[in-house]
Amino acid sequence: MTATPTDCPFCEINTGRAPATFVHEWTNAIAIVPLSPVVDGHTLVIPKTHVTDFADDPDITAATAYRAAQLCRDMGLVHANLITSRGVHATQSVRHLHLHLVPRAEDDGLALPWYSGKHNRKAST
C-alpha cells in the first residue's frame, strides 16, 4: 500500500505535525537529521511533495538530488555517499522519497547497503 500524506512520517514533518532536527529548508525540500544517523553529519534530503520513491516522479527526484548536491557542497564534504532506495526489498523503510547524504572517512567502518562480503569477480591472470 502506498503511503499518503496523512500516514507518512515525512509528510508529518514537512507540515510541522511531527518534530525533526532541521539542517536546511528550501522551497521544495527539507534536510533533516535521521532518527538513527550512521555517522556524524548523516542527513536526509526529502522533497516537500509526497512521492513514493525515485521512480515515482523523475522531476521531483532530480530537484531533490540537486538539493542534496548543494548541501554536500555547502557542508564541504569531500567524501560522501548519496543513497536512495525503491521498495522494501531494496531497504526502503519509509514510502516517501528521501536521499541519505552520508559523509565518509577513511576506515569509518561503514559498509554500503549492498555489501554482502561475496566476491563475484573472476581472478585476473
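Shown above is the structure to which this text applies.
All values derive from a computational prediction rather than experimental measurement.

(A) Region of interest: the overall build of the chain. When helices and strands are tallied, the chain shows two helices and five strands. Listing the helices and strands of the chain from first to last along the sequence gives α-β-β-β-α-β-β. When burial is assessed residue by residue, the chain has 36% of its 125 residues classed as buried. Taking the intrachain contacts of the chain between residues at least 6 apart in sequence as the baseline, contacts between residues at least 24 apart amount to 53%. Summing over all exposed atoms, the chain offers an accessible surface of approximately 8,200 Å²; the carbon and sulfur share of this is 55%.

(B) Structural detail: the pattern of salt bridges. Scanning the entire structure with this criterion turns up five salt bridges. Its salt-bridge partner being Arg73, residue Asp74 comes within 3.8 Å of it at the nearest N-O pair. In this structure, Asp74 and Arg73 share a single accessibility class: exposed. With a shortest N-O distance of 2.7 Å, Arg104 and Asp108 are connected by a salt bridge.

(C) Up close: the nonpolar core. Within the largest apolar cluster, 12 residues are counted, these being Trp26, Ala29, Ala31, Val45, Val51, Ile60, Ala68, Leu71, Cys72, Leu97, Leu99 and Leu101. Elements supplying a minimum of two residues to this core: β2 (29-32), α2 (58-74) and β5 (99-103). Top element by residues in this core is α2. It accounts for four residues. In this view, Leu99 contacts Thr43, Leu44, Val45, Thr64, Ala65, Ala68, Leu82, Ile83 and Thr84; residues no more than four positions away in its chain are not counted. If you look at the next biggest cluster of nonpolar residues, it comprises nine residues, including Cys8, Phe10, Ile13 and Ile46.

(D) Molecular detail of the side chain of His98. Looking at where His98 falls in the secondary structure, it is placed in the loop between β4 (80-83) and β5. A polar atom in the side chain of His98 sits 2.7 Å from the backbone oxygen of His96. Here His98 is in contact with Phe10, Leu44, Val45, Ile46, Ile83 and Thr84, once residues within four sequence places are set aside.

The rules behind each value
- Residues numbered from 1 in each chain as written.
- Predicted model: local features only at pLDDT ≥ 70, side-chain atom pairs only at ≥ 80, totals over all residues.
- Heavy atoms only, no water.
- Helix = DSSP H or I, 4+ residues; strand = E, 2+ residues; numbered from the N terminus.
- Buried < 20%, exposed > 50% of the residue type's maximum accessible area, 1.4 Å probe, protein only.
- Contact = heavy atoms within 4.5 Å.
- Areas by Shrake-Rupley, 256 points an atom, 1.4 Å probe, with all protein chains shown as cover.
- Salt bridge = Lys/Arg side-chain N within 4 Å of Asp/Glu carboxyl O.
- Core = buried A, V, L, I, M, F, W, Y, C linked by side-chain atoms within 4.5 Å.
- Polar contact = N/O pair within 3.5 Å; in protein donor to acceptor, adjacent residues only side chain to side chain.

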